[in-house]
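Inside the fold
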Amino acid sequence: MISSLAQKLLASALGVAITAVTIGCRTEQAEVLSMDLPIIVKHDLQTIHVNGWKIQRWVAPSSGSVGVSVDVWIRVTPLGKSQKLPPNVIAQLKLRHNDPKISRDASVSPIFQECSKMPKRIEYARWGQDCGPEEKFPPKELCWESTIKDPFRSNTVMDPGATRLSDGAYDLDVTVDLGLEKVKPFVFSPIRININSKRRR
């Protein structure tokens, strides 16, 4: 029989090994901060700093079956101390295919939550421009976060009136407008989304 201590050490070692393998943007072994908190993977994370603001966006895994949704996360962090409330954000989302007839657009006014009031978790970035070590969430600084669920109405599992995405490669463009004077919209790099009808959910 394996002792309780040995089991914990083995589980910890496996956690480190699995994390190091699955993160595609770095090769060093990742530190496991906690085995008790949920882990969130931020795929294709990108961060932009402009005029006293830090805006981040990421997605769920950037491939999937035709009946699933393309969800987008946005986090807004004021770098100054004067901003106490989230701005009136408008997110412009475009899902571009080589065939314009099956491309989709969406304009969303996301509902934000203050990060400090959200459940604790461990998060790390994968495949994006801002890869780094695991971090505990929420961060110490003030920020707000929103999850834009199924903006293109493609999740036929959850929404009977949705329309599935066709097979193929799409480019997801995200523009975040804070609605503030002298702050231009944040334009993020495209994310490649691959849809395959033969892929299992």
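Numbering of residues begins from 1 in every chain and follows the order in which that chain's sequence is written. The predicted nature of this model means local features are confined to residues of pLDDT at least 70 and side-chain atom pairs, given and counted, to a pLDDT of 80 or more, with totals for whole chains, interfaces and linings taken over all residues. The side-chain figures draw on all heavy atoms in the structure; neither hydrogens nor water molecules are used.

Okay, the pattern of salt bridges next. Any carboxyl oxygen of Asp or Glu that lies within 4 Å of a side-chain nitrogen of Lys or Arg is treated as forming a salt bridge with it. In this structure the tally under the stated criterion is 10 salt bridges. In this structure, the salt-bridge partner of Glu 141 is Lys 54, at a minimum N-O distance of 3.8 Å. Of this pair, Glu 141 sits in the loop between strand S9 (135-137) and strand S10 (144-148) while Lys 54 sits in strand S2 (residues 53-59); the two residues are 87 residues apart in sequence, bridging distant segments of the chain. Only protein chains enter the area calculation, which uses a 1.4 Å probe; residues under 20% of their type maximum are buried, those over 50% are exposed, and those in between are partly exposed. A relative accessible area of 37% means that Glu 141 is categorised as partly exposed. Here a helix means four or more residues in a row that DSSP labels H or I, a strand means two or more in a row labelled E, and each is numbered from the N terminus.

On to the layout of surface pockets, then. The gaps of empty space that remain are located by a probe, the size of a water molecule, rolled over the atoms. The volume enclosed by the largest pocket comes to roughly 250 Å³. As for the largest pocket, its lining consists of 20 residues, of which Lys 42, Gln 56, Arg 75, Glu 123 and Glu 135 are closest to the centre. Breaking the lining of the largest pocket down by element, the ones donating at least two residues are strand S1 (39-50), S2, strand S4 (72-78), strand S8 (121-126) and S9. Just so you know the grouping, Ala, Val, Leu, Ile, Met, Phe, Trp, Tyr, Cys and Pro go in nonpolar, Asp, Glu, Lys and Arg go in charged, and all remaining residues, Gly too, go in polar. Counted by class, the lining of the largest pocket contains 8 nonpolar, 4 polar and 8 charged residues. Think of a 1 Å grid over just the protein atoms. A cavity is a set of points where a 1.4 Å probe fits yet cannot get out, a pocket is an open set with protein on both sides within 12 Å along at least five of seven lines, and lining residues have an atom within 4 Å of a point. Grid points are joined across faces, edges and corners, and a volume is the space filled by probe spheres set on the points.

To pair, rings of Phe, Tyr and Trp, with the six-membered ring standing in for Trp, must have centres within 6.5 Å; the planes then decide the type, stacked if under 30 degrees apart, edge-to-face if over 60, and tilted in the middle. A full pass over the atoms with the stated rule returns 1 aromatic pair. Centre to centre, the rings of Trp 58 and Trp 73 are 6.5 Å apart; their planes meet at 5°, and the pair counts as stacked. Here Trp 73 lies in strand S4 and Trp 58 lies in strand S2, a separation of 15 residues in the sequence. Look at NZ for Lys and CZ for Arg. If either is within 6 Å of the ring centre and within 35 degrees of the ring normal, a charge sits over the ring. Positioned above the aromatic ring of Trp 58, the side-chain terminus of Lys 42 is 5.2 Å from the ring centre. For Arg 121, the ring lying beneath its charged end belongs to Phe 137, and the centroid distance is 3.8 Å.

Turning our eyes to something else, we now look at the state of the cysteines. The rule for a disulfide is simple: a pair of cysteine sulfur atoms within 2.5 Å. One pass over the structure, following the stated rule, counts 1 disulfide. Covalent S-S linkage joins Cys 115 and Cys 143, the inter-sulfur distance amounting to 2.2 Å. Judged by the sign of its S-S torsion, about -130°, the cystine formed by Cys 115 and Cys 143 is left-handed. Taken as a pair, Cys 115 in the loop between strand S7 (113-114) and S8 and Cys 143 in the loop between S9 and S10 lie far apart in primary sequence, 28 residues in all. Residues Cys 115 and Cys 143 agree in their burial class; the two are buried.

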